[in-house]
Protein chains: 2
Amino acid sequence: MPSFSEEQALVADANVAFYRAVESLDFERLQSVWLHSDDVKCIHPGWELMSGWEQVMRSWSLIFENTARIRFELSDVQVVVNGGIGWVECLERIYDGESVVGEAIATNLFQQNPDGRWLMLHHHASPFARRLT
Amino acid sequence: MPSFSEEQALVADANVAFYRAVESLDFERLQSVWLHSDDVKCIHPGWELMSGWEQVMRSWSLIFENTARIRFELSDVQVVVNGGIGWVECLERIYDGESVVGEAIATNLFQQNPDGRWLMLHHHASPFARRLT
């Protein structure tokens, strides 16, 4: 793990909380880690842009209804905090139960709430190929 | 075009300036639209994360050396400005001369320089499929 400042560590925790919420397939828990705003946006791997609270949440609801089990292993987590925005890059190794079903690279943005909590503003995950060189 | 605030319009202009710089295949021009910082990151469609000024610029240099012609048509441009960070989503239709060679969805982050210019902090472009439903 890289050495994070206290602020970066809070953003990294919010990032982990997002993935744990997805793993839980608990829709209310997932909602609680997102900023309740029409500024939120989400790009699932290979999907079009989902924009605004309603559309983003509908997409997650659809995913949860069609997912029996999902687990994420995160690596290469990089965190920048800048002007009330926390910006995370990470690699997702995605498991369907026991097997790896895909790898994605994610850009996740978080905004700090007045109560101090960092909430998700944006999730962009896309498939990637490891380069051989 | 959506109706943008003055600040959003400046960020949208910086976004267009980035794509025009890529189209120019002029490496110095491309460098001038990025923030000169080790916080910069870039994900080309299907590539691994490029992190830091040197690695990001090396990736563009490689692309420029291997590209004869490239044009972008942008659509669905959405801009949020928040705490000194400008955050753009857009669809890229990518042309190799006359023909469409691909479509991508991009998350672009910009930071406002002390001199007022918005410079690119992050570019994440990924292939996407239009949903039929």
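Just above, that's the structure.
This is a predicted model, so every value here is computed, not measured.

**Student:** Explain the side chain of B:Lys41 here, please?
**Tutor:** Here B:Lys41 is to be found in strand E1 (residues 41–43). Although B:Lys41 is buried, it forms no salt bridge, and the closest oppositely charged side chain is B:Asp39 at an N-O distance of 5.5 Å. If we ignore the near neighbours within four places in the chain, the residues touching B:Lys41 are A:Gln78, A:Val80, A:Trp87, A:Glu89, B:Trp34, B:Leu49, B:Met50, B:Ser51, B:Val56, B:Leu121, B:His122 and B:His123.

**Student:** Would you explain the relation of the copies chain B and chain A in this entry?
**Tutor:** Here two copies of a chain appear, and what relates them is a rotation about an axis with a shift along it. Between chain B and chain A, which share one sequence, the superposing operator has a rotation angle of 180° and an axial displacement of 0.0 Å; the RMSD is 0.0 Å. Here the transformation between the copies is reduced to the relation of a two-fold axis. Residue B:Gly83 of chain B places its C-alpha closer to the rotation axis than any other residue of that unit, at 2.5 Å. Taken as a fraction of all interface residues of chain B, those also at the interface in chain A reach 100%, which identifies the copy contact as same-surface.

**Student:** What is the right way to read the sheet that holds strand E6 (residues 118–127) of chain B from this model?
**Tutor:** For sheets, the rule is that strands pair by backbone hydrogen bonds, running either parallel or antiparallel. Residues and elements named next belong to chain B. Spatially, six strands are ordered E2-E1-E6-E5-E4-E3 in an open sheet, and the strand pairing comes out mixed. In this open sheet, the two strands that pair with only one neighbour each are strand E2 (50–51) and strand E3 (71–82). Relative to strand E5 (residues 99–112), strand E4 (residues 85–96) runs antiparallel, the two being bridged by 12 bridges. Across the sheet, residue Val 88 finds its bridge partner in E5, namely Asn 108. Set on the sheet, helix H1 (residues 6–24) makes contact with E3, E4, E5 and E6; between it and E3 the angle comes to about 150°.

**Student:** It is not clear to me how the interface of chain B and chain A should be interpreted in this structure. Could you clarify?
**Tutor:** Reports often express the size of an interface as the amount of accessible area lost when the parts come together. Listed as interface residues are 30 residues of chain B and, on the opposing side, 30 residues of chain A. Summing the contributions of chain B and of chain A, the shared interface buries around 2800 Å²; its carbon and sulfur component is 60%. At the boundary of chain B and chain A, one finds zero salt bridges. Our enumeration of links across chain B and chain A arrives at 12 residue pairs in polar contact (both at pLDDT 80 or more). Secondary-structure elements contributing two or more residues to the side of chain B that touches chain A are E1, E2, E3, E4, E5 and E6 of chain B. Each residue belonging to the side of chain B that touches chain A can be placed in one class, and the counts come to 14 nonpolar, 10 polar and six charged.

**Student:** Where do I start with the side chain of B:Gln8 in this structure?
**Tutor:** For B:Gln8, the location among the structural elements is in helix H1. With sequence-adjacent residues up to four places away left out, B:Gln8 is seen in contact with B:Ser3, B:Val79 and B:Val81.

**Student:** Would you mind going over the pattern of salt bridges with me for this structure?
**Tutor:** Pairing is possible between side chains of opposite charge, provided their charged atoms come close. Within the structure shown, the criterion is met by four salt bridges over all chains. Ionic pairing is found between A:Arg20 and A:Glu23, a salt bridge with its closest N-O pair at 2.9 Å. Separated by three residues within a single helix, A:Arg20 and A:Glu23 lie in helix H1 (residues 6–24), roughly one turn from each other. Note that B:Glu103 is salt-bridged to B:Arg93, the shortest N-O span being 3.1 Å. Of this pair, B:Glu103 sits in strand E5 while B:Arg93 sits in strand E4; the two residues are 10 residues apart in sequence, bridging distant segments of the chain. Given a relative accessible area of 29%, B:Arg93 falls into the partly exposed group.

**Student:** What should I look at first to understand H1(B) in this one?
**Tutor:** Owing to its 3.6 residues per turn, the α-helix aligns residues three or four sequence positions apart on the same side. Residue and element names in this part refer to chain B. Under the 1.5 Å per step criterion, the end-to-end length of H1 is 27 Å for 19 residues, consistent within 8% with the ideal 27 Å. Here H1 has its buried residues at Gln 8, Val 11, Ala 12, Ala 14, Asn 15, Phe 18, Tyr 19, Ala 21, Val 22 and Glu 23. Residues of H1 that are buried sit in contact with helix H2 (27–33), helix H3 (53–65), E3, E4, E5 and E6. Of the residues flanking the end of H1, it is Leu 25, one or two places downstream, whose phi is positive at about 55°.

**Student:** Any chance you could explain the pairing of strand E6 (residues 118–127) of chain A here in plain terms?
**Tutor:** On a regular strand, one side chain projects to one face of the sheet and the next to the other, so that they alternate. All names here are of chain A. With nine of 10 residues buried, E6 lies mostly within the body of the structure. Strand direction decides the pairing type here: strand E1 (residues 41–43) and E6, joined by three bridges, are parallel. Following the sheet pairing, Lys 41 is matched in E6 by His 122. Note: strand E5 (residues 99–112) against E6, nine bridges, orientation antiparallel. Across the sheet, the residue bridging to Ile 105 is Ser 126, located in E6.

Rules behind the numbers
Residues numbered from 1 in each chain as written. Chains lettered and ligands numbered in written order. Predicted model: local features only at pLDDT ≥ 70, side-chain atom pairs only at ≥ 80, totals over all residues. Heavy atoms only, no water. Helix = DSSP H or I, 4+ residues; strand = E, 2+ residues; numbered from the N terminus. Buried < 20%, exposed > 50% of the residue type's maximum accessible area, 1.4 Å probe, protein only. Lys, Arg positive; Asp, Glu negative; His and termini not counted. Salt bridge = Lys/Arg side-chain N within 4 Å of Asp/Glu carboxyl O. Contact = heavy atoms within 4.5 Å. Least-squares fit on C-alpha atoms with pLDDT ≥ 70 in both. Pairing = 2+ DSSP bridges. Axes fitted to C-alpha atoms, helices over the stretch in contact; angles between N-to-C directions. Buried area = accessible area lost by both parts, 1.4 Å probe. Polar contact = N/O pair within 3.5 Å; in protein donor to acceptor, adjacent residues only side chain to side chain. Nonpolar A, V, L, I, M, F, W, Y, C, P; charged D, E, K, R; others polar. Expected span 1.5 Å × (residues − 1).

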